[in-house]
Amino acid sequence: MITDEEMKIIELAGKGDGDALEKLFKLYHPVLRKIRRNYFVGGMENDDLDQEAILVLYRSAQKFESGRNVSFGSYYSHNLRNRIFDLIRSNNAQKRLPADAIKSIEADQSFYATTVADITAWNPEHSAIIDEELHRLYKSCSELERRALSLVFPNSPNPTFKMAAHRSILNAFVGVGRNMSRIN
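Residues numbered from 1 in each chain as written. Predicted model: local features only at pLDDT ≥ 70, side-chain atom pairs only at ≥ 80, totals over all residues. Heavy atoms only, no water.

In the nomenclature of an unreviewed UniProt entry, the protein chain is known as Sigma-70 region 2 of Lentilactobacillus kisonensis F0435.

S.K.: Go over the pattern of salt bridges, please, and point to the residues and values.
M.R.: Pairing between side chains of opposite charge can happen when their charged atoms approach one another. Taken as a whole and assessed by the stated rule, the structure comprises six salt bridges. Here glutamate 22 ties to lysine 26 by a salt bridge, and the two come within 3.7 Å at their closest N and O atoms. Linking glutamate 22 with lysine 26, this pair stays in helix H2 (residues 18–27), spanning four residues, or about one helical turn. Glutamate 22 sits in the partly exposed class, given a relative accessible area of 45%. Aspartate 86 serves as the salt-bridge partner of arginine 89, at 2.5 Å between the closest nitrogen and oxygen. Of this pair, arginine 89 and aspartate 86 both sit in helix H5 (residues 72–95), three residues apart, which is roughly one turn of the helix. By relative accessible area, arginine 89 is classed as exposed at 53%. (Salt bridge = Lys/Arg side-chain N within 4 Å of Asp/Glu carboxyl O. Helix = DSSP H or I, 4+ residues; strand = E, 2+ residues; numbered from the N terminus. Buried < 20%, exposed > 50% of the residue type's maximum accessible area, 1.4 Å probe, protein only.)

S.K.: How would you explain the side chain of glutamate 52 if you had to name every residue and give the values?
M.R.: Following the sequence through the fold, glutamate 52 ends up in helix H4 (residues 46–63). Not counting residues up to four positions away in its chain, the partners in contact with glutamate 52 are Met44, Arg83 and Leu87. (Contact = heavy atoms within 4.5 Å.)

S.K.: Requested: an account of the packing of aromatic side chains, with residues and values cited.
M.R.: Counted by the stated rule, this structure contains six aromatic pairs. On the basis of an interplanar angle of 50° and a centroid distance of 5.8 Å, the ring pair of phenylalanine 64 and tyrosine 75 is categorised as tilted. Taken together, the positions of phenylalanine 64 in the loop between H4 and H5 and tyrosine 75 in helix H5 put the pair 11 residues apart, joining distant regions of the chain. Ring geometry for phenylalanine 72 versus tyrosine 76: centroids 6.4 Å apart, planes at 5°, classification stacked. Of the two residues, phenylalanine 72 and tyrosine 76 both sit in helix H5, four residues apart, roughly one turn of that helix. Look at phenylalanine 72 and you get buried, because its relative accessible area is 0%. Put simply, the rings of Tyr28, Phe64, Phe72, Tyr75 and Tyr76 touch in pairs and so form one group of aromatic residues. (Phe/Tyr/Trp six-rings, centres within 6.5 Å; stacked < 30°, edge-to-face > 60°.)

S.K.: Explain the nonpolar core to me, and be specific about the residues and the numbers.
M.R.: Core analysis: the largest hydrophobic core is formed by 24 residues, its most contacted members being Leu24, Leu57, Phe72, Tyr76 and Leu80. Among all residues touching leucine 24, those that are not within four sequence positions of it are Ile9, Ile10, Ala13, Leu57, Ala61 and Phe72. (Core = buried A, V, L, I, M, F, W, Y, C linked by side-chain atoms within 4.5 Å.)

S.K.: Describe the side chain of serine 60, with residues and values.
M.R.: Tracing the sequence through the fold places serine 60 in helix H4. Within polar-contact distance, the side chain of serine 60 engages the backbone oxygen of valine 56 at 2.8 Å. For serine 60, the contacting residues outside a window of four places in its chain are Phe72, Tyr75, Tyr76 and Asn79. (Polar contact = N/O pair within 3.5 Å; in protein donor to acceptor, adjacent residues only side chain to side chain.)

S.K.: Outline unusual backbone geometry, supporting the account with residue identities and numerical values.
M.R.: With phi around 60°, asparagine 69 is a residue other than glycine that occupies positive phi space. If you trace the backbone, asparagine 69 turns up in the loop between H4 and H5. Residue classification places asparagine 69 among the exposed residues on the basis of a relative accessible area of 75%.

S.K.: An account of the packing of H2 against helix H3 (residues 29–38) is needed here, citing residue identities and associated values.
M.R.: In a pair of packed helices, the angle between the axes and the distance between the axes together describe the arrangement. Taken N-terminus to C-terminus, the directions of H2 and H3 make an angle of 50°; their axes are 4 Å apart at the nearest point. By the angle between their axes, H2 is oblique relative to H3. Residues Phe25, Lys26 and Leu27 of H2 lie in contact with H3, whose contacting residues are His29, Pro30 and Leu32. Of the residues contributing to the contact of H2 with H3, the split by class is four nonpolar, one polar and one charged. (Axes fitted to C-alpha atoms, helices over the stretch in contact; angles between N-to-C directions. Parallel < 35°, antiparallel > 145°, perpendicular 65-115°, else oblique. Nonpolar A, V, L, I, M, F, W, Y, C, P; charged D, E, K, R; others polar.)

Okay, here's the thing in structure tokens:
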């Protein structure tokens, strides 16, 4: 139970009396010590935590109702613990933020052009090897196979050619496949 003298100090502290708030803080400092011992808020020193505790104590004194059969110490402890949890959650949320602001690729194209690899881009060395292999393949093909091979590439002179209409061209593709296996 709360004594009349203690209730008077709580009421005065809730109204903004600095001396009453200081007396109340000293009276309920063990609550803060216990919470400080049980919970750690990264980046906060003891003075910062004391300041938060005083603010919570002031708000608790403002909103405390003696008729609810709850001691002021329990009420203050509950409010202070909730505030500490808020600070811990806020601190952890800040840790998840990216170090740099997220930028659109279009915003700094020169940066991304030098740092991000384009896997679809052709390697010049790889292109030269493929070109050389295709020339060797083309030289080893018969005339019919060369005609069939020329239809496969986009620069083909006859793009509307219907493969299914000419059985000999289809057979030529089989020959090209055999020639490729001989090269490798």
